[in-house]
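For reference, the chains in residue letters:
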Amino acid sequence: MNFTPLDWAIVGIYLLLSVTVGVLARKYVGSVADYLVAGRELGTYLGIATLAATEIGTITFMYNAEFGYRYGFAAFLPALISGVVMIVVGRTGIVIARFREMKLMTVPEFFEKKYSRGLRLLTGILVAVGGILNMGVFLKIEGEFLTIVSGINIKYLVAVMTAILLLELTYTVVGGMVAVVVTDFVQYALLSIATILVSIFAVYHAGWANMVEKVAHTLGSAGFNPLENPKFGWSFLFWQILLWFSVHTCWQTTAMRMFSTRSPETSKKVMTWTGFIFLGRGMLPMIWGIAALTLFGTGPLLAGSPLPVVNGHTLAPIDAMPAMLAQILGPGIKGIVVAGMLAATMSVNSSYLLGWSAVISQDIVLPLRQIMRKPQLSSRRQIFVNRLANLFVSLFLMFWGLYYTPPGAVYLYLNITGTIFLAGAFACVLGGLYWKKASTTGGYLAMILGATGAIVPFFFFHWSENVTGFAAFGLAAGGLLLGSFLKPRQFDANPAGGAA
Amino acid sequence: MSRWLYFWVANLILAGLTFVLITVVVIVRGIGDLKEMFRRLTKGESERG
């Protein structure tokens, strides 16, 4: 066991505080808008805290550290792209400001306003499938992190996963977005302190000069120049730019923060400043990965980089960073860092649970009821359906997390599962907002071809992620253009729509 | 190689400094935002729907 009683006490106090604060927030939930978008009351600073906390989890630290471990400094490229693209989206307000003006609660809701109810339903299904598959690997990897750092026996992994999930569910189901925002604020403070502490400790223990030398010796110039690295290159660069534009505008959990802000202007400020945090969100954990490579990268080569060897045991590259933390952090600091990582885990998972269950309840169940001509649900019944969806998503996460292991770098698996709906959604959203001729037929083709382009090459043909991702975005854009020209938009058929 | 290294180091320093700075500002000023959100939700002033 790596944990001292002091470490356990710090973690225990954090968990108690977090769940209590979340449950207390219940009294502020009056309507479905309060439950899903916190009554659209987020100011700039609270918005930055909740958006950053939502998109920085233990899973983020793990996959970025793995990326740094495998690809050295060249891994910084996607981190740089994600931050810069976010700043551009925030400064221009492209998509996000218009979304906020429309007072949406979910991304697929836009598809009914601009296209048709049927397309909203299809988008809702694809968003839910892609999003839940994406989140499916979170619990297992987070459980691995906690067991390795704390020294809990690996046979308790399932118990750790279940405990994490139950704690998150407790306040998410009860308090909805208000609870998530309040806990996000506390969790943001803790995870930021942990991030800064670990960065200092990692560089101090590995030594900057040793880190540069290890990358140069192991990976050569490909460890610095992403265009020379066979995993990256120009196709990766363009795919990542497209992907991050779509993530920052159409990713349900990010978009929900934009919908929750007080005004379109606030949403732009939140996005811009969080963009700077995104630079650190990627690069700092990548530095931890490079430090772990320096300290433990002595095993046999796997895809060009040596496997980590810790105390005579050969580990997977993704487990190198937590193994390093278990060794370099002292008593007390380890407790603070693990509490920070737990905070990161809970803020991400609670937001994602709420995000995907909101899509199931608002964009699958409600449109289906309307198609079946059933009466509209009251606000209270909608919240109840959302809570049921929360439970359903949680159960799926447990089973998928236990039985599926991504074949390559986790970062790339997450990118591809996100692309299942992002490729089509991004094309449809851009078309719906900025191209008058975008039609419902084009929307259907974009969603179907985008999803097919992501699923079939990756899961069945095992093509590289770069080609798969690029193909999915290309097919989605092509589908929107082709469908819109083959069957043009009927301007009077959908009074709620109309491209502006 | 060294040019790429300098480029990444510059990015890393920018990323680290802005991360710390924004974190401090957000923690200090976010408390005001939290209080304002609770006040408006309690009074029912929020933009419903």
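Residues numbered from 1 in each chain as written. Chains lettered and ligands numbered in written order. Predicted model: local features only at pLDDT ≥ 70, side-chain atom pairs only at ≥ 80, totals over all residues. Heavy atoms only, no water.

A. View of the overall build of chain A. For chain A, the helix and strand inventory stands at 20 helices and 4 strands. Over its C-alpha trace chain A gives a radius of gyration of 22 Å, about what one expects of a compact globule, namely 23 Å for 500 residues. By residue count, 65% of the 500 residues in chain A fall in the buried class. A separation of at least 24 residues holds for 85% of the contacts in chain A among residues at least 6 apart in sequence. For chain A, the exposed surface amounts to about 17000 Å²; the carbon and sulfur share of it is 68%. Charge-centre separation for chain A: the mean point of 32 positive side chains lies 10 Å from the mean point of 19 negative side chains. (Helix = DSSP H or I, 4+ residues; strand = E, 2+ residues; numbered from the N terminus. Rg over C-alpha atoms; globule rule 2.2 N^0.38 Å. Buried < 20%, exposed > 50% of the residue type's maximum accessible area, 1.4 Å probe, protein only. Contact = heavy atoms within 4.5 Å. Areas by Shrake-Rupley, 256 points an atom, 1.4 Å probe, with all protein chains shown as cover. Lys, Arg positive; Asp, Glu negative; His and termini not counted. Charge placed at Lys NZ, Arg CZ, Asp CG, Glu CD.)

B. Focus on the overall build of chain B. Helix and strand content of chain B: 1 helix and 0 strands. Put simply, chain B has 49 residues, and 35% of those count as buried. Of the roughly 3000 Å² that chain B leaves accessible, carbon and sulfur atoms contribute 68%.

C. Focus on the environment of Pro 317 of chain A. Residues and elements named next belong to chain A. With respect to the helices and strands, Pro 317 occurs in the loop between β4 (313-314) and α15 (320-328). In sequence terms Pro 317 and Gly 297 are 20 residues apart; their C-alpha atoms lie 8.9 Å from each other. For Pro 317, the residues in contact, after removing those within four places along its chain, are Glu 66, Tyr 69, Arg 70, Leu 302, Leu 307 and Pro 308.

D. Spatial organisation of the interface of chain B and chain A. The interface is formed by 35 residues belonging to chain B together with 50 residues belonging to chain A. Carbon and sulfur atoms supply 77% of the area buried between chain B and chain A, which totals about 3700 Å² over both sides. Counting the contacts that link chain B with chain A gives 0 salt bridges. In this structure, the connection of chain B to chain A is made through 7 residue pairs in polar contact (both at pLDDT 80 or more). (Buried area = accessible area lost by both parts, 1.4 Å probe. Salt bridge = Lys/Arg side-chain N within 4 Å of Asp/Glu carboxyl O. Polar contact = N/O pair within 3.5 Å; in protein donor to acceptor, adjacent residues only side chain to side chain.)

E. Local environment of the nonpolar core. Residue and element names in this part refer to chain A. Ranked by internal contacts, the top residues of the largest apolar core, which has 179 residues, are Phe 67, Phe 73, Phe 111 and Leu 325. Examining the composition of this core, we find that 21 residues originate from one element, helix α10 (residues 157-206), more than from any other. Excluding its chain neighbours within four sequence positions, the residues that come into contact with Leu 325 are Phe 145, Val 149, Val 198, Lys 334 and Val 337. (Core = buried A, V, L, I, M, F, W, Y, C linked by side-chain atoms within 4.5 Å.)

F. Quick look at helix α5 (residues 76-92) of chain A. In this model α5 of chain A runs 24 Å from its N-terminal to its C-terminal C-alpha over 17 residues, within 8% of the 24 Å that 1.5 Å per residue would give. With 13 of 17 residues buried, α5 of chain A is to be regarded as a mostly interior element. (Expected span 1.5 Å × (residues − 1).)

G. Up close: the pattern of salt bridges. Residues and elements named next belong to chain A. Applying the stated criterion across every chain, the model contains 7 salt bridges over all chains. Here Asp 363 and Arg 120 are joined by a salt bridge, their closest N and O atoms 2.7 Å apart. With Asp 363 in helix α16 (residues 333-371) and Arg 120 in helix α8 (residues 117-135), this residue pair connects regions lying 243 residues apart in the sequence. You'll find Asp 363 and Arg 120 in the same group, each marked buried. When the shortest N-O distance is used, the salt bridge between Lys 268 and Glu 265 registers 3.9 Å. You can see Lys 268 and its partner Glu 265 sitting in helix α14 (residues 264-296), 3 residues apart, about one turn around the helix. One continuous salt-bridge network, built from bridges that share partners, spans Glu 112, Arg 117, Arg 120 and Asp 363.

H. Up close: the side chain of Arg 120 of chain A. Residue and element names in this part refer to chain A. A residue is classified by how much of its surface remains accessible, and Arg 120, at 10% relative accessible area, is buried. Polar contacts involving the side chain of Arg 120 include one to the side chain of Glu 112, which spans 2.8 Å. Leave out the neighbours within four places in its chain, and Arg 120 touches Thr 106, Pro 108, Glu 109, Phe 111, Glu 112, Gln 362, Asp 363 and Pro 367.

I. Inspection of the packing of aromatic side chains at higher detail. A full pass over the atoms with the stated rule returns 31 aromatic pairs over all chains. When the centroid spacing of 5.9 Å and the interplanar angle of 85° are considered together, the rings of Trp 4 of chain B and Phe 7 of chain B count as edge-to-face. Highlighted residues: Trp 4 of chain B and Phe 7 of chain B, both in helix α1 (residues 2-43), separated by 3 residues, approximately one helical turn. What makes Trp 4 of chain B partly exposed here is its relative accessible area of 25%. Of the residues examined, Phe 7 of chain B reaches a relative accessible area of 38% and is grouped as partly exposed. Here the aromatic rings of Phe 7 of chain B and Trp 8 of chain B are separated by 4.9 Å at their centres, their planes lie at 55°, and the arrangement is tilted. Site record: aromatic cluster; members linked through ring pairs are Tyr 63, Phe 67, Tyr 71, Phe 232, Phe 236, Trp 239 and Tyr 411 of chain A. Over the aromatic face of Phe 278 of chain A sits the side chain of Arg 281 of chain A, whose NZ or CZ is 4.4 Å from the ring centroid. (Phe/Tyr/Trp six-rings, centres within 6.5 Å; stacked < 30°, edge-to-face > 60°. Lys NZ or Arg CZ within 6 Å of the ring centre and 35° of its normal.)

J. Local environment of a nonpolar patch on the surface. Residue and element names in this part refer to chain A. There is a patch of nonpolar side chains on the surface, built from Leu 227, Trp 234, Phe 238, Ile 241, Leu 242 and Phe 470 and spanning about 540 Å² of accessible area. Here the nonpolar patch takes 4 residues from helix α12 (residues 233-250), the largest share from any one element. Within the secondary structure, Trp 234 sits in helix α12. (Patch = residues over 30% accessible without salt bridge, like charges linked within 9 Å, V, L, I, M, F, W, Y side chains within 5 Å.)

K. Structural context of the confidence of the model for chain B. The predicted model of chain B has a mean per-residue pLDDT of 85, with 86% of residues at 70 or higher. ipTM for the predicted complex: 0.86, alongside a pTM of 0.86. (pLDDT = per-residue confidence, 0-100.)

L. Focus on the packing of helix α1 (residues 5-24) of chain A against α16 of chain A. All names here are of chain A. In the contact formed by α1 and α16, the axes pass within 7 Å of each other and the chain directions differ by 30°. If you check the angle between α1 and α16, you find them roughly parallel. Crossing geometry of α1 relative to α16 is assigned as right-handed. Every residue of α16 that contacts α1 at Asp 7, Ile 10, Val 11, Tyr 14, Leu 15, Ser 18 and Val 19 is listed here: Ile 333, Lys 334, Gly 335, Ile 336, Val 338, Ala 339, Leu 342, Ala 343 and Met 346. Of the residues in the contact of α1 with α16, the class split is 12 nonpolar, 2 polar and 2 charged. (Axes fitted to C-alpha atoms, helices over the stretch in contact; angles between N-to-C directions. Parallel < 35°, antiparallel > 145°, perpendicular 65-115°, else oblique. Left-handed = near helix turned anticlockwise from the far one by under 90°. Nonpolar A, V, L, I, M, F, W, Y, C, P; charged D, E, K, R; others polar.)

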